[in-house]
Amino acid sequence: MIGYLARRLPTAIIVLAVASLLIFSIVRLIPGGPEAALAGPDASPEALAAIRHDLGLDRSFFAQYATWIGGLLTLDFGQSYQVGGSIADLIAYGLTNTLILTGAALVVALVLAFGLSLAATLWDNRFLNVALTSVNAAAIALPTFVVGTVLILVFGVRLRWLPAGGTPPDGFTDSLQVSVQYLLLPALTLGLPAGAMLARFLTEAIRTELRQPYVLTARALGVSHSGIILKHVLRNALPPTLTALGLTVGALLGGAVLVESIFGWPGLGLLTEEGIFSRDYPLVQVLVLLSVAVFVIIQLLADIAHAWLDPRIRLAGE
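None of these values were measured; they are calculated from a predicted model.

A.B. asks: Would you explain the overall build of the protein chain in this entry?
C.D. replies: A count of helices and strands for the protein chain gives 13 helices and zero strands. Going residue by residue from the N terminus, the α and β elements of the protein chain occur as α-α-α-α-α-α-α-α-α-α-α-α-α. Across the 318 residues that make up the protein chain, the buried fraction comes to 38%. Restricting the contact set of the protein chain to residue pairs at least 6 apart, pairs at least 24 apart contribute 75%. Of the roughly 17,200 Å² that the protein chain leaves accessible, carbon and sulfur atoms contribute 69%.

Here it is as structure tokens:
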């Protein structure tokens, strides 16, 4: 396993290095600049030039990039131009809320994926399969903003069963019941399409395994259909699904930006949106690179879990 990890780490490092350079470049292609946002529309060219000098934006591209990377390596993320305060503090607060939302959405996705997949394979009924396929297709096809808006209108405005947005006023640790109420609608909005996509991967993997010779042998020995799936097939179907799970978690983090905007959730999504509109270069750069880093780490962990479950993967390059 250590050898497999040693082969995978250089690729992850290269991806992060290339991503940092691209992010640093693309952010500077945004029309306007932080000096215009800070000085206002009526600022003179001299005032704009002075602000650029104070921010270090009049230095060469590679000098700015080297300074930024040096700060990241020493965990000095710098100060926010517009939002205000230490970027590390802003990220710590937003990341906590985003991880809570993403974790709840992941639970929803996993419950939906295993529920749909096991229902479709344990009970091979035509009408049930049609119903499950329809639910799965609807969950994937409906845009996130439509699902979120409908849930708010029905459960938050019409029925008034759940809060329409925001986070618990006294924090998530004060009351579990209140926290669940605030989490339920955004977690469902974010987790439904991810769960439906995972269900497709897992269902197909289970059906592929059901065609393997060992299943025929188990049936000949009198093992029940449910016993074959739960005790043998499900374990063998998990490795390819874990790879899809890694991609799904990355998609959840990306989708959290829109969901946080819909529900007024103070996480990294809202923070990124605010940084982009205010042209807050340091904040946006760190946030986008953090998203890439989390995605790379999650994918690396998924590959490691895949290799642990399937020895052929980790022994392939040895």
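Back to the text.
A.B. asks: Help me understand unusual backbone geometry in this model?
C.D. replies: Peptide bonds are trans in most cases, and residues, glycine excluded, mostly fall at negative phi. For Leu 75, which is not a glycine, the phi torsion comes out positive at approximately 60°. If you trace the backbone, Leu 75 turns up in the loop between helix H4 (61-73) and helix H5 (87-122). Even without a glycine there, the phi angle at Arg 160 is positive, about 60°. Turning to its location among the elements, Arg 160 is positioned in the loop between helix H7 (144-158) and helix H8 (176-209). Taking the relative accessible area as the measure of exposure, Arg 160 reaches 70% and is therefore exposed.

A.B. asks: Just checking my understanding: could you explain the packing of aromatic side chains for this structure?
C.D. replies: The description of an aromatic ring pair rests on the distance of the ring centres and on the angle between the ring planes. Here the structure, examined in full by the defined rule, presents six aromatic pairs. Centroid distance Phe 155 to Trp 161: 6.0 Å. Interplanar angle 45°. Geometry classified as tilted. A residue is classified by how much of its surface remains accessible, and Phe 155, at 26% relative accessible area, is partly exposed. Following the ring pairs from residue to residue traces out a cluster consisting of Phe 24, Phe 61, Phe 62, Tyr 65 and Trp 68.

A.B. asks: Would you take a moment to explain helix H10 (residues 225-263) for this structure?
C.D. replies: Each turn of an α-helix holds 3.6 residues, which means side chains three or four residues apart point in the same direction. Its 39 residues give H10 an end-to-end C-alpha distance of only 44 Å, which falls more than 12% under 57 Å, the value for a rise of 1.5 Å per residue. The largest bend in H10 amounts to roughly 50° and is located at Val 233. Of the residues one or two after H10, Gly 264 is the one with positive phi, at around 60°.

A.B. asks: Help me understand the packing of helix H9 (residues 213-220) against H10, please; the structure alone is not making it clear to me.
C.D. replies: At a closest axis distance of 11 Å, the pairing of H9 and H10 adopts a crossing angle of 155°. Taken together, the axes of H9 and H10 are roughly antiparallel relative to one another. Classified by chirality, the crossing of H10 by H9 is right-handed. Mapping the contact onto sequence places Tyr 214, Val 215, Ala 218 and Arg 219 in H9 and His 225, Ile 228, His 232, Val 233 and Asn 236 in H10.

A.B. asks: Teacher, can you tell me more about a nonpolar patch on the surface here?
C.D. replies: Nonpolar side chains collect at one region of the surface, where Val 150, Leu 153, Val 154, Val 157, Leu 159 and Trp 161 lie side by side and expose about 550 Å² of accessible area between them. Here Val 157 is to be found in helix H7.

A.B. asks: Whenever I open this one, H5 confuses me. Can you help?
C.D. replies: If you check H5, its first and last C-alpha atoms are 50 Å apart, about what 36 residues at 1.5 Å a residue would give, namely 52 Å. Here H5 starts with a cap whose side-chain oxygen sits 3.3 Å from the backbone nitrogen of Ala 88, and that cap is Ser 86.

A.B. asks: In this structure, what is going on with the packing of helix H6 (residues 126-141) against H8? I would like to understand it.
C.D. replies: Between two packed helices, the angle of one axis relative to the other and the distance separating the axes together describe the packing. Between H6 and H8, whose axes approach to 7 Å, the crossing angle comes to 135°. Of the possible angle classes, the one that applies to H6 and H8 is oblique. In the packing of H6 onto H8, the handedness of the crossing is left-handed. Where H6 abuts H8, its residues Asn 129, Asn 136, Ala 137, Ala 139 and Ile 140 lie against Leu 192, Pro 193, Ala 196, Met 197, Ala 199, Arg 200 and Arg 207. Looking at the contact of H6 with H8, its residues break down into eight nonpolar, two polar and two charged.

A.B. asks: Honestly, the side chain of Gln 64 in this entry has me stumped. Any pointers?
C.D. replies: Structurally, Gln 64 can be placed in helix H4. The buried category is assigned to Gln 64, whose relative accessible area is 11%. With near-sequence residues (within four places) excluded, Gln 64 lies in contact with Phe 24, Arg 28, Gly 56, Leu 57 and Arg 59.

A.B. asks: Help me understand the side chain of Thr 121, please; the structure alone is not making it clear to me.
C.D. replies: Here Thr 121 shows up in helix H5. Residue Thr 121 is classed as buried on the basis of its relative accessible area of 4%. Only 2.8 Å separates the side chain of Thr 121 from the backbone oxygen of Ser 117, close enough to count as a polar contact. Not counting residues within four places of it along the chain, the set of residues in contact with Thr 121 comprises Thr 203, Ile 206, Arg 207, His 225 and Ile 229.

What counts, and at which threshold
Residues numbered from 1 in each chain as written. Predicted model: local features only at pLDDT ≥ 70, side-chain atom pairs only at ≥ 80, totals over all residues. Heavy atoms only, no water. Helix = DSSP H or I, 4+ residues; strand = E, 2+ residues; numbered from the N terminus. Buried < 20%, exposed > 50% of the residue type's maximum accessible area, 1.4 Å probe, protein only. Contact = heavy atoms within 4.5 Å. Areas by Shrake-Rupley, 256 points an atom, 1.4 Å probe, with all protein chains shown as cover. Phe/Tyr/Trp six-rings, centres within 6.5 Å; stacked < 30°, edge-to-face > 60°. Expected span 1.5 Å × (residues − 1). Bend = angle between axes of the 7 residues up to and from the residue. Axes fitted to C-alpha atoms, helices over the stretch in contact; angles between N-to-C directions. Parallel < 35°, antiparallel > 145°, perpendicular 65-115°, else oblique. Left-handed = near helix turned anticlockwise from the far one by under 90°. Patch = residues over 30% accessible without salt bridge, like charges linked within 9 Å, V, L, I, M, F, W, Y side chains within 5 Å. Salt bridge = Lys/Arg side-chain N within 4 Å of Asp/Glu carboxyl O. Polar contact = N/O pair within 3.5 Å; in protein donor to acceptor, adjacent residues only side chain to side chain. Nonpolar A, V, L, I, M, F, W, Y, C, P; charged D, E, K, R; others polar.

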